[in-house]
Amino acid sequence: MIGDLNANQIDDVLRSEVVGRIGCIAQGYPYVVPITYVYDGEFVYGHSSEGLKLRAMRENPLVCFEVEQIRSMRDWRCVIARGHFEQLWSDDAEHALDLLAARLAPLAQEEGAYRDRDEAAHREEGILRPILFQIRLIDRTGRY
């Protein structure tokens with residue numbers, strides 16, 4: 001049986017998962033790409049290096065965001081939201097990076113897999129600072 005998730009269930013799925021998919025239009029075609037993210041109840045925050053995804057969202061900031069929670073073929077929940085992309089700068093970008101680090105760092109399986117935010121050390125290792133963005137969710141639907 002397929003049913004609709006209520007607003008609280010949709011919120012629960014968005015808060016509990018860390019991988020979702022952004023759907024956007026890139027070079028005239030639908031483009032879907034996974035991201036790691038954190039959700040704060042209003043925004044989905046993500047990060048990326050420069051590339052097709054960011055260029056597409058800058059060109060057309062209306063996007064779709066999808067998250068799945070699959071425990072088995074009979075026990076699953078899926079959320080689809082429409083939203084508006086916005087690249088973050090300065091303090092807003094730092095806030096997003098802090099939220100992402102707090103959510104994702106504890107999930108690292110290997111000891112030492114999470115690196116601190118030492119900018120100088122990252123530059124020496126050739127690690128580029130990610131570009132931070134948010135998606136303001138306009139509407140959300142969910143199924144189970």
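Above this note sits the structure.
Residues numbered from 1 in each chain as written. Predicted model: local features only at pLDDT ≥ 70, side-chain atom pairs only at ≥ 80, totals over all residues. Heavy atoms only, no water.

S.K.: Mind showing me how you'd approach the environment of Phe43 here?
M.R.: Relative to the assigned elements, Phe43 resides in strand S3 (residues 43-48). Distance in space between the C-alpha atoms of Phe43 and Gln134 is 6.0 Å, their sequence separation being 91 residues. Residues contacting Phe43, with those up to four places away along its chain left out, are Val38, Gln134, Ile135 and Arg136. (Helix = DSSP H or I, 4+ residues; strand = E, 2+ residues; numbered from the N terminus. Contact = heavy atoms within 4.5 Å.)

S.K.: Help me understand helix H1 (residues 7-16) in this model?
M.R.: An α-helical turn contains 3.6 residues, so any two residues separated by three or four positions project in the same direction. When H1 is considered as a whole, its buried residues turn out to be Ile10, Asp11, Val13 and Leu14. The buried residues of H1 occupy one face: seen down the axis, they fall within an arc of 160°. Close packing links the buried residues of H1 with strand S2 (29-39), strand S4 (62-70), strand S5 (76-87) and strand S6 (131-143). Its side-chain oxygen 3.0 Å from the backbone nitrogen of Asn8, Asn6 forms the N-cap of H1. (Buried < 20%, exposed > 50% of the residue type's maximum accessible area, 1.4 Å probe, protein only. Arc of directions from axis to C-beta. Polar contact = N/O pair within 3.5 Å; in protein donor to acceptor, adjacent residues only side chain to side chain.)

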